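# Close look at the chain arrangement
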Amino acid sequence: QTKTRDILLTMGTDFTFRQAESYFSNLDLLIHTIMLGQEWSLWNMTRIFEGLDIHRVNIFYSNPEYYTMRKYQQTKQAAAVEKWQQTQPAETSDAETSRQTATSLWTTKVDDFFPYSDRPHGFWSGFYTSRSAFKRFERVASGFLQAARQLDLLFDTKESVYDAESHPFYELEDALGVVQHHDSITGTGKEHVARDYSRRVQAGIDKATPHVLSIILNQMFPNRTLKSAIDLQNSGLQERLEETLQYCPLLLNESICEAATNTVFEGGKENMYVVVYNPLYQQSLQPRTWVVRVPVSMPGIYSVERVDDDIILSRDQTGNNKQLVHARVVNARNDNYTTHENNTIWQVEFLAGPLLPLGAVTYRVALQQPLGETESLNEDDEILPNNFIEISESTLSVSNGLGMIASFDRSTGEMDRVLSQTKIFGGAYSDEVDLRLELQWGYYTPFNSEHDTIPGDDYGQSSGAYVFRPSMPNQPLNVLPTCKSGKDSTRFVPTPLGLEVHTFYGHDDECWVHQIVRVTQDQPWIEVEYTVGPVPIKDGRGKEVVSRFLTPDIANNGVFFTDSNARAFLKRQRDYRPSWNLTTVHEPIAGNYYPVTAAIFLQDENTSFAVLTDRARGGSSIVDGTLEVKVQRRTLVDDRHGVGEPLNETVGGMTPYPPFGDATRMGRGVIVSGVHRLMVGGGNTGAQLARSAMDGIFAQPLIFVGSAPSDLNHTNVTDTTLEDEEATTFQPSFTVLSDTPKLPPNIFLVTLMRLYDFQKPNSNNQSSSASGSQSLLLIRLGHQYNVGEDND
C-alpha cells in the first residue's frame, strides 16, 4: 500500500511495445473512459475505494521525475503538520494527531530484493552465473575502456575538438551500454543474440585500440623530428614498435598474443617489449606490482629488464638490472587455446613493478640461452627449499613474502591450511591467523521437468538461464574426485615467482576441471585459476558447477556477506529475509543464493575469509564453515521464462532458427577459465580484506606487446644539444602524477574522462576554433570503505 495518495503504475514489459499503436490506443481509451465516467457520476469512487477516503481518481501519463516530486511535496506537507503539532497543547484533537508525520511516512530499506522468485520452486538465482565467459568479457572490456579514457584525457595532445560520437571510443561505449540490458549481461538471451553482443563489444575494442596504441607510442617517442644522432638511434625502435605493438588482454579463455608469439628470439634476432599501463590510482600499503605472463615461441632462459635507468627491477648474481627467468611449459589442455594457429606451450612470467599510478613502464624480454624441451623448467623439476618454500616430510609450505603462508599435503596436493598476518598502515602486522582451508569442486544436478517430479509441484519448474533449481530441494553437492590427467592427478610446479599446484577433477575417463593454486611473491592473495569444461552431458543431465571452500574454523552461524555492485557489502543470513517474514523455504539451496559481482566472505570473532571473483557470479554459504561460488552452468531444457531454449552453450553456436533452420547445437560444450583470489585475515575484517584488493582486480593493468631487432639499442636521455622544442627522448616510463599530491589512503579514482569539448569565446564573445577549446571532464572518486569496515 502506498504511503501517499500518488500511485505509480509501471507500464510495459518484454515485447509489450511491438504493437505500440494498439497498446497506447487502448490506454488512451481506458484513461478517457475513467475520467469521463467520474464527470458523469457513472460510478461512486468513495464506494469503490471504501475506507480510503478517496472521492476522485486522476489518471495520466507521467514519469519518475514527476512521481518523485509529488512524494517530496507530500513529505514536506507532513513535516509542516508535524512541526505545527509540536506547538499544540496535549489535548489536540485525535483527528489532527492521527495524521502521518514526516518521520513516520517513510522507512529505510537497507537490504535488497534478492533472491527473487515467482513461484515456490522458481528462484531467479541462476542468471547470476549464466553465460560465464561473456560476463568476464564484459568485465575486461569495461576495464579497458576506463583505462583508455584515462589515457585519452591525460596524454592525447591533439588540438581538435573532442566529439563523443565520432571518437574512436564511441563504438565500444555504445556496445558496453547495450550489454547492460537486462537480458544481456545476465546471460538470459538466446545463443545467437549473446554472440551478437560479443561481436559488438569486440568490434568496439578493435576500433578503440589503434587510438590507445597511438597515445602509448606518442608518450614513448614524444618527438619524431629525427634531427639528432639520438633521434636516429631511437627511430628504428620507434618504427618497429609502431608496426608490432599490440594490445594483449591475455584472456584466459584464449591467451593468444600474436605480437609475443611472433617475436623471433632464435639467434638473438629480436627482443620483446612489454608495456604495462597501470590505471589504478590509490595509495596502498606498498607499491603496486602485477604478475605478467606472456607466451613465447621457444623454450629457454630469458632476461626480463625494466627499460629505465633509475629503477632497479631485481638483480641477478652478477648485479645486472635483470630478472633471469626460464620459459616454462603452459598447461595447454584448454582447447580454446590449442586450436588457435598461433598457440604455444611456452610462457615467460615476471613480476612487473613498482607500477606508476596512471602511468606506464616498459620491459624488454630477451633470450639469453636457448634450451631443448627436455632441459626446460617444467613440472618434473625437483622443488627445493628456498626463502619462500619450506618442505617437511608430509607438508610443503609456500610464502608470498607478505605475511601469508599456504600449506599443501605433499601426497595429495590438497591445500590444508593458511597462516596469515595482515599488513596494516605503518608497516606493522596483525596477529597471526591459522585457518584450515580445503578446496573442492562439485556440481548440482539441475531440475529437468522431463525427468524429475516432486509431489505437490504441478508446474515442474526446470533449471535454466533465469532459474536455478537442483533436482531435489536439499540435494547435496556432488563432489568431484581428483582424476589423472597424464600420469598424476596433482602436480607441484615451481615458477620464477613461487609455486603452482595443479589438480585435476572429474572421473578417470574424463577430467573436466583443472585447478591451479598459485602462491606468488608480493601478491596479497592465493590465486585459484580454473578451467572448466566441456561440462559432460553423456548422462542426459546438465550440471551446475560449483567451487566450494571449506573453512571449518569459522563459526558463521548461517551468516555471510556479498557485495552490492562492489560498492557495499550486504549481510546475508540463510533462510532469512530482513524485510519480511520467511515462513517456508521451498528451495533451501537456490533460495539462499545471492549475486556476487566482486566478493563474498565469511567471518567470526577470530577469522575472516574472502573470495574475490573476476566476474559476476552466484554464491552462498549453504553449510556453516563453507563458501561456494558457482562458476559454470549447462542445462538441457528451457526454464520457460522467455529465452525459449536451454542454456547449453557450444563452441559452434546454433544453426539458424525456424523457419530458416532447426536451431541445432553445433560443436562441443564451451570451456571456461577464470580466477578466484583468496584472502585470510583476523576476526570481523572480511570487508576490509576484500576492499583492499577488489578495485585493483577490476582495474587490472593493460598489457601491450611488441618486438624489435635486438641491435636497435635505445637512449632514454634527453639530447640537450637541441632547442627545447626539438629535443627528444625515448620515454619507456611515464606518468602525469610524479609531482601530484597523493590521494588519502581511503580514496581511489573511479572515473577520469572527457565528456565533451566546447569552443572558447573570442574577443567578440563568439565561438571560434582559433580561440581553442575547453573540456568538460567527469572525475569520480570513491571511498574505499563503508562505515565500520576499517578502523583506520
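Note that the structure is predicted; figures quoted are calculated from it, not measured.

## Considerations on the pairing of strand 14 (residues 438–444)
- Burial analysis of strand 14 places 6 of its 7 residues in the buried class, which makes it a mostly covered element.
- One ladder, built from 7 bridges, connects strand 14 with strand 20 (residues 543–550); its direction is antiparallel. Among the inter-strand pairings, Tyr444 is bridged to a residue of strand 20, identified as Glu544.
- The sheet contact formed by strand 14 and strand 15 (residues 478–479) spans 2 bridges and is antiparallel. Residue pairing for strand 15: Tyr443 is matched across the bridge by Asn478.

## Examining a nonpolar patch on the surface
- Nonpolar side chains collect at one region of the surface, where Met11, Phe17, Phe24 and Tyr61 lie side by side and expose about 350 Å² of accessible area between them.
- With respect to the helices and strands, Tyr61 occurs in the loop between helix 2 (45–48) and helix 3 (64–85).
- Relative accessible area serves as the criterion here: at 41%, Tyr61 is assigned to the partly exposed category.

## Side note on the packing of aromatic side chains
- Throughout the structure, instances matching the rule amount to 22 aromatic pairs.
- Each ring, one from Tyr247 and one from Phe704, has its centre 5.8 Å from the other, and the planes form 50°; the classification is tilted. With a gap of 457 residues between them, Tyr247 in strand 1 (residues 246–247) and Phe704 in strand 29 (residues 702–709) connect regions that are remote in the sequence.
- Connected via pairs of aromatic rings, a cluster forms that spans Tyr23, Phe24 and Tyr61.

## A closer look at unusual backbone geometry
- Cis geometry is adopted by the peptide bond preceding Pro354, which originates at Gly353 and carries an omega value of 0°.
- With respect to the helices and strands, the residue Pro354 is situated in the loop between strand 7 (346–352) and strand 8 (359–370).
- Residue Pro534 is bonded to the preceding Gly533 through a cis peptide linkage, with omega at -10°.
- Backbone geometry at Asn557 places phi at a positive 50°, although glycine is not the residue there.
- Residue placement: Asn557 occurs in the loop between strand 20 and strand 21 (559–564).

## Examining the pattern of salt bridges
- Tallied over the full model, the rule gives 35 salt bridges.
- Linking Lys538 and Glu510 is a salt bridge whose minimum nitrogen-to-oxygen distance equals 3.8 Å. Placement of the pair is Lys538 in the loop between strand 19 (526–532) and strand 20 and Glu510 in strand 18 (residues 510–520), with a sequence separation of 28 residues.
- The salt bridge partner of Asp624 is Arg574, with a shortest N-O separation of 2.8 Å. Of the two residues, Asp624 is situated in the loop between strand 26 (617–620) and strand 27 (626–634) and Arg574 in the loop between strand 22 (568–573) and strand 23 (594–596); the sequence distance between them amounts to 50 residues.
- The network of salt bridges with common partners includes Arg293, Glu349, Glu500, Arg518, Glu527, Glu529 and Arg677.

## Digging into the side chain of Lys543
- With respect to the secondary-structure elements, Lys543 resides in strand 20.
- Of the polar contacts made by the side chain of Lys543, one reaches the side chain of Asp539; its length is 3.1 Å.
- Here the side chain of Lys543 touches Arg541 through a polar contact of 3.1 Å, landing on its backbone oxygen.
- If near-sequence neighbours (up to four positions away) are discounted, Lys543 is found in contact with Tyr443, Tyr444, Pro446, Val535, Pro536, Gln632, Arg633 and Arg634.

## What to know about the nonpolar core
- Counting 48 residues, the largest nonpolar core has Val201, Tyr277 and Phe704 as its most contacted members.
- Contributing elements (two or more residues each) for this core: helix 6 (132–155), helix 7 (170–178), helix 8 (191–220), helix 9 (229–244), strand 2 (270–278), strand 29 and strand 31 (747–759).
- Ranked by residues supplied to this core, first place goes to helix 6 with 11 residues.
- The contacts of Tyr277, once residues within four sequence positions are left out, are Ala147, Gln150, Leu151, Phe155, Leu358, Gly359, Ala360, Pro701, Leu702 and Phe704.
- Core analysis: the second largest hydrophobic core is formed by 43 residues, Tyr302, Phe569, Ala599 and Leu689 among them.

## Some remarks on the sheet that holds strand 13 (residues 433–436)
- As summarised here, the arrangement of the 5 strands in space is 9-10-11-12-13, forming an open sheet in which the pairing is antiparallel. If you trace the sheet from one side to the other, it starts and ends with strand 9 (389–391) and strand 13, each paired once. Averaged over all pairs of adjacent strands, the angle between their axes in this sheet comes to 15°, without regard to strand direction.
- Alignment of strand 9 against strand 10 (residues 395–399), held across 3 bridges, turns out to be antiparallel.

Cut-offs and rules
- Residues numbered from 1 in each chain as written.
- Predicted model: local features only at pLDDT ≥ 70, side-chain atom pairs only at ≥ 80, totals over all residues.
- Heavy atoms only, no water.
- Buried < 20%, exposed > 50% of the residue type's maximum accessible area, 1.4 Å probe, protein only.
- Helix = DSSP H or I, 4+ residues; strand = E, 2+ residues; numbered from the N terminus.
- Pairing = 2+ DSSP bridges.
- Patch = residues over 30% accessible without salt bridge, like charges linked within 9 Å, V, L, I, M, F, W, Y side chains within 5 Å.
- Areas by Shrake-Rupley, 256 points an atom, 1.4 Å probe, with all protein chains shown as cover.
- Salt bridge = Lys/Arg side-chain N within 4 Å of Asp/Glu carboxyl O.
- Phe/Tyr/Trp six-rings, centres within 6.5 Å; stacked < 30°, edge-to-face > 60°.
- Polar contact = N/O pair within 3.5 Å; in protein donor to acceptor, adjacent residues only side chain to side chain.
- Contact = heavy atoms within 4.5 Å.
- Core = buried A, V, L, I, M, F, W, Y, C linked by side-chain atoms within 4.5 Å.
- Axes fitted to C-alpha atoms, helices over the stretch in contact; angles between N-to-C directions.

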